[in-house]
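# A look at the structure
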Amino acid sequence: MIAPTLAPNRTLLVLYGSETGTAQDYAHELGRTAQRLHFDTRVLAMNALSPSLLPTLLPTLPLIIFITSTTGQGDLPSNTSHFWKFLLRKRLPVNFLSKVQFSSFGLGDSTYLKFNWAVKKLHKRVLQLGAREVCERGEGDEQHAEGIDGVFIPWSKRLFEKVLEKWPIPVGMEKILDEVPLPREYILEFDEVEIEKQRNLGLPLTDIHIPRPGVHLATLTRNERVTPQSHFQDVRHITFTTDEDITYSPGDVVSLSPQNLPKDVSLFISLQGWDSIADIPIKITPTPYLLSLTGTSALPPPPPPIPHPVSPLTLRTLLTHHLDITAIPRRSFFAHIANCTSDPLHKERLLEFADPEHIDELWDYTTRPKRTILEVLQEFDSVKLDWREGLLGGGGIGIIRERLFSIASTQKGYPLSTTNTSTNPSRTVDILVAIVHYQTLLKRPRTGLCTRWLRTLTPSPNPTTATSIRIPILILPSISFSSLSSSPSGLTKPLVMIAPGTGIAPMRSLAWERYFLSTTPTSSSPDGEDTNNSPMVGDKAEEKAGDMLLLFGCRTSSADFFFRDEWASWQTIPHSPPPSPSPRRKMYIAFSRDQPKKHYVQDLVREHGDEVFRLLYDERGTVAVCGSSGRMPQAVREALVEVLERGGAEGRGMEREEAERYLGGMEREGRFKQETW
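Let me sum up the structure you'll find in this document. (Residues numbered from 1 in each chain as written. Predicted model: local features only at pLDDT ≥ 70, side-chain atom pairs only at ≥ 80, totals over all residues. Heavy atoms only, no water.)

### Examining the overall build of the protein chain
Within the protein chain one finds 22 helices and 21 strands. Residues counted as buried form 53% of the 677 residues belonging to the protein chain. Relative to all contacts within the protein chain whose residues are 6 or more apart in sequence, the contacts with residues 24 or more apart total 79%. As displayed, the protein chain offers around 30100 Å² of accessible surface, 52% of which is attributable to carbon and sulfur atoms. (Helix = DSSP H or I, 4+ residues; strand = E, 2+ residues; numbered from the N terminus. Buried < 20%, exposed > 50% of the residue type's maximum accessible area, 1.4 Å probe, protein only. Contact = heavy atoms within 4.5 Å. Areas by Shrake-Rupley, 256 points an atom, 1.4 Å probe, with all protein chains shown as cover.)

### Quick look at the side chain of Asp324
Tracing the chain through its elements places Asp324 in the loop between α9 (315-321) and α10 (331-338). One buried charged residue, Asp324, forms no salt bridge at all, with the nearest opposite charge on Arg403 at 4.4 Å. Ignoring sequence-local partners within four residues, the contact set of Asp324 consists of Ile373, Ile397, Gly398, Ile399, Ile400, Arg403 and Leu449. (Lys, Arg positive; Asp, Glu negative; His and termini not counted. Salt bridge = Lys/Arg side-chain N within 4 Å of Asp/Glu carboxyl O.)

### Focus on the sheet that holds strand β18 (residues 548-554)
Pairing is parallel in the open sheet, where five strands are placed in the order β19-β18-β17-β20-β21. Two strands close off the open sheet at either side, each with one partner strand: β19 (585-591) and β21 (672-676). Taking the axes of each pair of neighbouring strands and ignoring which way they run, one obtains an average angle of 10° across the sheet. In terms of strand pairing, strand β20 (residues 622-627) meets β21 through five bridges, oriented parallel. When the bridges of β21 are listed, Val623 appears paired with Phe672. Its contacts with the sheet place helix α17 (residues 504-517) against β17 (495-500), β18, β19 and β20, and it is angled at close to 150° to β17. (Pairing = 2+ DSSP bridges. Axes fitted to C-alpha atoms, helices over the stretch in contact; angles between N-to-C directions.)

### Comments concerning the environment of Phe552
Mapping Phe552 onto the fold places it in strand β18. When its relative accessible area of 0% is taken as the criterion, Phe552 is described as buried. Between the C-alpha atoms of Phe552 and Gly503, which are 49 residues apart in sequence, the distance is 8.7 Å.

### Observations regarding the nonpolar core
Counting 42 residues, the largest nonpolar core has Phe268, Trp274, Leu315, Leu385, Leu391 and Ile397 as the members making the most contacts within it. Within the residue set of this core, elements represented by two or more residues are α7 (262-272), α9, α10, α11 (344-354), α12 (359-367) and α13 (373-379). Residues contacting Trp274, with those up to four places away along its chain left out, are Phe268, Ile269, Leu315, Leu385, Trp387 and Leu391. (Core = buried A, V, L, I, M, F, W, Y, C linked by side-chain atoms within 4.5 Å.)

### Digging into the pairing of strand β3 (residues 63-69)
In terms of residue burial, β3 counts as a mostly covered element, since seven of its seven residues are buried. Here β3 shows a buried face lined by Leu63, Ile65, Ile67 and Ser69 and a second buried face lined by Ile64, Phe66 and Thr68. Sheet topology places strand β1 (residues 11-17) next to β3; six bridges connect them, and they run parallel. Note that in β3 the partner of Leu15 across the bridge is Phe66. Note that β3 and strand β4 (residues 101-108) share seven bridges and pair parallel. Considered in β4, the bridge of Phe66 is made with Ser104. With helix α3 (residues 81-87) bridging β3 and its parallel neighbour β4, the resulting β-α-β unit is right-handed. (Right-handed = clockwise from strand over helix to strand, strands pointing away.)

### Description of the packing of aromatic side chains
Applying the stated criterion to the full structure yields 22 aromatic pairs. Aromatic side chains Tyr365 and Phe380 sit 6.5 Å apart centroid to centroid with 80° between the ring planes, which places their arrangement in the edge-to-face category. Residue Tyr365 is located in helix α12, and its partner Phe380 is located in the loop between α13 and β12 (403-406); the two are separated by 15 residues in the primary sequence. Each member of the pair, Tyr365 as well as Phe380, carries the same accessibility label: buried. Ring centres 4.8 Å apart and planes at 25° place the aromatic pair Phe613 and Tyr617 in the stacked group. Taken together, the positions of Phe613 and Tyr617, both in helix α20 (residues 609-618) and four residues apart, correspond to about one turn of that helix. Relative accessible area serves as the criterion here: at 30%, Tyr617 is assigned to the partly exposed category. The ring centre of Phe39 lies 4.1 Å from the NZ or CZ of Arg10, which sits over that ring. Geometry around Tyr26 places Arg330 over its ring, the cationic atom sitting 3.9 Å from the centre. (Phe/Tyr/Trp six-rings, centres within 6.5 Å; stacked < 30°, edge-to-face > 60°. Lys NZ or Arg CZ within 6 Å of the ring centre and 35° of its normal.)

### Here we look at α17
In this model α17 runs 20 Å from its N-terminal to its C-terminal C-alpha over 14 residues, within 8% of the 20 Å that 1.5 Å per residue would give. Burial within α17 is extensive, with 13 of its 14 residues counted as buried. (Expected span 1.5 Å × (residues − 1).)

### As for helix α1 (residues 22-36)
Taking 1.5 Å as the rise per residue, α1 with 15 residues should run 21 Å; its terminal C-alpha atoms sit 22 Å apart, in good agreement. Judged by how many residues are buried, α1 sits mostly within the fold: eleven of 15 residues are covered. Those residues of α1 that fall on the buried side of the exposure criterion are Ala23, Gln24, Tyr26, Ala27, Glu29, Leu30, Gly31, Arg32, Ala34, Gln35 and Arg36. Downstream of α1 by a residue or two, His38 has a phi angle that is positive, lying close to 65°.

### What about the environment of Val100?
Mapped onto the elements, Val100 comes out in the loop between α3 and β4. Along the backbone, Val100 and Ala131 are 31 residues apart, and their C-alpha atoms lie at a distance of 5.1 Å. Val100 has contacts with Leu58, Pro59, Leu61, Pro62, Ile64, Ala131 and Arg132, leaving out every residue within four places of it along the chain.

### Some details on the pattern of salt bridges
Applying the stated criterion across every chain, the model contains 40 salt bridges. With its nearest N and O atoms 2.8 Å apart, the salt bridge here joins Glu402 to Arg212. Of this pair, Glu402 sits in the loop between α13 and β12 while Arg212 sits in the loop between α6 (192-197) and β8 (216-225), placing them 190 residues apart in sequence. Arg212 sits in the buried class, given a relative accessible area of 12%. Among the salt bridges present, the one from Lys263 reaches Asp264, with a minimum N-O distance of 3.4 Å. Through salt bridges that share partners, Glu29, Asp149, Arg330 and Arg331 make up one connected network.

### Looking at the pairing of β17
Of all six residues in β17, six are buried, a share of seventy percent or more. Residues of β17 alternate between two faces, with Leu495, Met497 and Ala499 on one and Val496, Ile498 and Pro500 on the opposite face, all of them buried. As judged from the six bridges shared by β17 and β18, these two strands associate in the parallel manner. Looking at the pairing, Pro500 lines up with Gly553 of β18. Bridge count for β17 against β20 is four bridges, and the pairing is parallel. From the neighbouring strand, Ile498 faces β20, where its bridge partner is Val625.

### What about unusual backbone geometry?
In this structure, the amide linkage connecting Ser311 to the following residue, Pro312, adopts the cis form with an omega of 0°. Along the chain, the position of Pro312 falls in the loop between α8 (288-296) and α9. Of note, the phi angle at His38 is positive, near 65°, even though the residue is not glycine. Even without a glycine there, the phi angle at Lys370 is positive, about 60°.

### Focus on the packing of α20 against helix α21 (residues 632-646)
In the contact formed by α20 and α21, the axes pass within 9 Å of each other and the chain directions differ by 85°. As summarised for this structure, α20 and α21 are arranged roughly perpendicular, according to the angle between their axes. Listed contacts from α21 to Gly609, Asp610, Val612, Phe613, Leu616 and Tyr617 of α20 are Leu640, Val643, Leu644 and Arg646. Here the residues of the contact of α20 with α21 sort into seven nonpolar, one polar and two charged. (Parallel < 35°, antiparallel > 145°, perpendicular 65-115°, else oblique. Nonpolar A, V, L, I, M, F, W, Y, C, P; charged D, E, K, R; others polar.)

Okay, structure coming up:
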């Protein structure tokens, strides 16, 4: 293990914005490369820099690398909000960053309308403040044949070639080789105090939760498969019931912290020979190396790798709740474990996978068959990790990231066809989850960490039962959809909702929320006064909201027409003759496999183009698209352009360029909203 020798004026700050942790992982990879070149390096979330520090620290840094994903409608991730707000201050001088050199890298998906929009905005603003590019911006694309790595690896190579031209390694020093371990900033140790405290406690593992700020403890009261057993995909309608009232809006998401299955954790422990120590309390401790950094550098210290560890923390609970042992390993993992084997053949092969020149071999071994860290350790069974230094940081095993699911319910009431309404809607949260389960070249079933965990959970119909297992859930707000039901202008404007598959989840929340907000009960009390006990339907409802048109797509009417029993009562009862060109609430469905010719949501857009044109052009409504990324978002966008070209029932067509400009204007005005995953 070799510590970098820090030379004067060799400070490099890597700042990241990450919603799911992927950009954070790439940021740390850049940081490790910089350390091997003897830079005083920090890798921090953008918001980790305190606002009071930004005015004095940023202008003095010689080199900053930004790396960020894009979220929502081309927005930066939530852990960049304070930093981005600071950069947008109008009073910052145009030469604020004139002494700074920088580069940036974005993680994106080219199927999104605003591909890598966040890094483009950030890069442009940093240039406006006087900073100079040390290397051109890189834009990773999930659709690349080799994923983000297909762009990241050659870009990072160019980056550090140019960095070394300006900041060569000082005389007498050499690059620290990839196979040489870097010093750890945090390690694990036995916790003698906790050992004594927990000696006879016997706390059941099911009662252990990650103490994330803001979480609500909830009981799983529904875990119902809503597709038939004969259907290829297991989709679950899951309901959480909380112990207290909570608040959320359409478009908001539930954040869950999944767990590894006990059998996988036990296998990992057995492979490493830790059975005798697996349940002894441990603690995360800063190393002397970290303490030396904090005393000699102006940069903030690196944060702990696990900000909110479970208690009691043992190797078993660490592996269960925090370490992603079923993730697909990155290159840095192979360099890390190559130092943990005494088998020369294993070491040679592991170092080949760690070599950027062998990216194709690594892809074929890991990403293509979805081979997991646990499976790699089974195949390279000579690898024995040092639990004290080999589990945290250093490019080893990543941290389990939270999983986000769109909320499918509304707190304004239950859908009118729902029979089980005994629970307060202010305490219930519905999600619609497609269980990830498939096979790869390995001929072994592949499952998603979170959905596999959810599938194993048994619901407790009575949330007050003492034996009910409590699951921590965290509600995260939506920037994209909040205005569609919360603001008066958003509520009164028409809304076109386009949702294939499980994309119907946030649309269900939005559709019923606007339904309840747009109706006024007219039931009378005994003394003749109106009361507001429940929403009414049909002629007794006083319509307040703009028209809603829902275009839904699925495979068959009998397999995956989600919430089918609810939609008849949601739609407006037709009148004869119709009082308007279309009912106030209307739904069209495309079943892609119920007829020889496949039928998709983009086909519905074209078929009902006159209504779509009236709502979006004549009445300046909003369109919301939700569902799987891939070809769907672009296909829907193309269909909308064609509808605008055609010009509705009266044939008020426009040229394609004008149609695309109009759609672009809708995006800028917040009238084109897209959430895909």
